[in-house]
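Read off the chains here:
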Amino acid sequence: MKCGIVGLPNVGKSTLFNCLSNAEAQAANYPFCTIEPNLGTVNVPDPRLEKLESLVNPERVLPATVEIVDIAGLVKGASKGEGLGNKFLANIRECHAILHVIRCFDNENITHVDGSIDPLRDKETIDMELQFKDLESVEKRLDKARKIGKTGDKEALREVRMAEAILNLLNAGKSARSFDRNEEEEAWLKGYELLTDKPVLYVCNVDEASAKSGNEYVSVIAAIAKEEGAGVIHLAAATEADIMQLDSFEERQMFLDDMGLTEPGVNRLIREAYDLLKLQTYFTAGVKEVRAWTIQEGFTAPQAAGVIHSDFEKGFIRAEVIAYDDYAELGSESAVKDAGKLRVEGREYLVKDGDVMHFRFNV
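The structure displayed is predicted, hence computed values, not measured ones.

S.K.: Describe the overall build of the protein, listing the residues and the values that go with them.
M.R.: Along the protein, the regular secondary structure elements total 14 helices and 12 strands. Its C-alpha atoms give the protein principal-axis dimensions of about 65 × 65 × 35 Å. Surface summary for the protein: the accessible area is close to 18,000 Å², and the carbon and sulfur share equals 48%. Computed over 43 positive and 62 negative side-chain charges, the inter-centroid distance for the protein is 7 Å.

What follows is the structure, encoded as structure tokens:
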């Protein structure tokens, strides 16, 4: 599951990507410094994993991860191929969610592709390019559905009505994610692979002074995000990069304390990205390994077991489940058993975020 970082040139995308992945994506003060999308695998900060590690003392610990793609800056006309637009938009299509970085700071030494700072205009520029590309996609699918609909095919006629409704939304400057759909329409839309149907988190890149409370620019974006039902977060990417350069945890924590922050902004961003992808975590805990496993929300116990190995799902017998809070409170698996808090669940069990699980299977 991938989150793609998008935005105009020079808004701090690559700086943010470097902070997230510790990769060495080029961050330069000119447009198009990122030509090939950079891919980083990011560990998801989770204090529950640290607690389990302290209780079990395993040989190794493996956190959950999210893939982050740094996509080159879009410009006006990208939907028509301007500024390598077709390539950039194809990179976005391969992602499952969008982290839309918006410049929300003043700095005359860092050029802006449009010559002035206007976060709302910048947001709308990106939105419009994605909407224009989606218009092309929907029109093609609509033409196809109309041809089939002429034969009297009822399913095709229903798809025509849906496609026309989405076309109207896009022409009105709205994104496809705002379309209220049923299960049949949801299935069709997945096939459309619309850019504006992907979940989005607006990432407001601010200066250091605004890292704790944000600023007026952030307030503008937050108001729009609320109307759209989208997420929003603010952080100071350049400052986060400085923090990452410090040698010790203690030095980094002192820096954060001076700024009035309890943790790096990128930690919050990673967790938000994880939620944006509708992911959740379950744990396995033993002396060899404590590990966080990533699953989709709504996974059953056999599906969760299949993330470890397909044989676990095929030969699933049962799952032994401990709620994380019970494990943390009682301190060990044996203590949980003694307290009668270990549950045995079958094939229909919907895994809950934070479950500590052991699978029984037979192949």
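S.K.: Please provide a residue-by-residue account of the packing of aromatic side chains, values included.
M.R.: Applying the stated rule across the entire model yields four aromatic pairs. Their ring planes at 90° and their centres at 5.8 Å tell us that Tyr 282 and Phe 359 sit as a pair that is edge-to-face. Of this pair, Tyr 282 sits in strand 8 (residues 279-285) while Phe 359 sits in strand 12 (residues 356-361), and the two are 77 residues apart along the sequence. Each of the two residues, Tyr 282 as well as Phe 359, counts as buried. Here the aromatic residues Tyr 282, Phe 316 and Phe 359 are joined through ring pairs into a cluster of three or more. Across the ring face of Trp 293, the terminal group of Arg 291 is positioned such that the distance to the ring centre comes to 3.9 Å.

S.K.: An account of the pattern of salt bridges is requested, with residue identities and associated values reported.
M.R.: Under the definition given, this model contains 18 salt bridges. Of the charged contacts, one joins Arg 360 and Glu 320 as a salt bridge, the two residues approaching to 3.1 Å between their closest N and O atoms. One end of the pair, Arg 360, is in strand 12; the other, Glu 320, is in strand 10 (residues 316-322), with 40 residues separating them in the sequence. Owing to a relative accessible area of 34%, Arg 360 belongs among the partly exposed residues under this scheme.

S.K.: Lay out a negative patch on the surface with the relevant residues and their values.
M.R.: Together, Asp 106, Asp 207, Glu 208 and Asp 242 line one region of the surface with negative charge. Residue position: Glu 208 is located in the loop between strand 6 (200-205) and helix 7 (216-228). Here Glu 208 falls in the partly exposed class, since its relative accessible area comes to 43%.

S.K.: Let's hear about the side chain of His 234: which residues, and what values?
M.R.: For His 234, the location among the structural elements is in strand 7 (residues 231-235). A distance of 3.2 Å separates the side chain of His 234 from the backbone oxygen of Ala 211, its partner in a polar contact. The residues contacting His 234, other than those within four sequence positions of it, are Cys 204, Val 206, Ser 210, Ala 211, Lys 212, Ser 213, Gly 214, Val 218 and Arg 268.

S.K.: Lay out unusual backbone geometry in plain terms, naming residues and giving numbers.
M.R.: A positive phi is found at Asn 10, a non-glycine position, where the angle reads about 65°. Examined against the element boundaries, Asn 10 turns out to sit in the loop between strand 1 (2-6) and helix 1 (13-21). One non-glycine residue, Asn 57, adopts positive backbone phi at about 55°. In this fold, Asn 57 is placed in the loop between helix 2 (47-56) and strand 3 (60-62).

S.K.: With reference to specific residues and values, describe the sheet that holds strand 5 (residues 97-103).
M.R.: Strand order in this open sheet of six strands is 2-4-1-5-6-7, and the pairing throughout is mixed. Lying at the two open borders of the sheet, with one neighbouring strand each, are strand 2 (38-43) and strand 7. With strand direction ignored, the average angle separating the axes of adjacent strands in the sheet is 25°. Sheet contacts for helix 1: strand 1, strand 2, strand 4 (65-70), strand 5, strand 6 and strand 7; angle to strand 2, the most-contacted strand, approximately 40°.

S.K.: Tell me about the pairing of strand 10, residues and numbers included.
M.R.: A large share of strand 10 lies buried, amounting to five of its seven residues. One ladder, built from six bridges, connects strand 10 with strand 12; its direction is antiparallel. Bridge assignment links Ile 322 to a residue of strand 12, and that residue is Val 356. Where strand 10 and strand 11 (residues 343-345) come together, three bridges link them in antiparallel fashion. Of the residues in strand 11, the one forming a bridge with Ala 319 is Glu 345.

Analysis parameters
Residues numbered from 1 in each chain as written. Predicted model: local features only at pLDDT ≥ 70, side-chain atom pairs only at ≥ 80, totals over all residues. Heavy atoms only, no water. Helix = DSSP H or I, 4+ residues; strand = E, 2+ residues; numbered from the N terminus. Areas by Shrake-Rupley, 256 points an atom, 1.4 Å probe, with all protein chains shown as cover. Lys, Arg positive; Asp, Glu negative; His and termini not counted. Charge placed at Lys NZ, Arg CZ, Asp CG, Glu CD. Phe/Tyr/Trp six-rings, centres within 6.5 Å; stacked < 30°, edge-to-face > 60°. Buried < 20%, exposed > 50% of the residue type's maximum accessible area, 1.4 Å probe, protein only. Lys NZ or Arg CZ within 6 Å of the ring centre and 35° of its normal. Salt bridge = Lys/Arg side-chain N within 4 Å of Asp/Glu carboxyl O. Patch = residues over 30% accessible without salt bridge, like charges linked within 9 Å, V, L, I, M, F, W, Y side chains within 5 Å. Polar contact = N/O pair within 3.5 Å; in protein donor to acceptor, adjacent residues only side chain to side chain. Contact = heavy atoms within 4.5 Å. Pairing = 2+ DSSP bridges. Axes fitted to C-alpha atoms, helices over the stretch in contact; angles between N-to-C directions.

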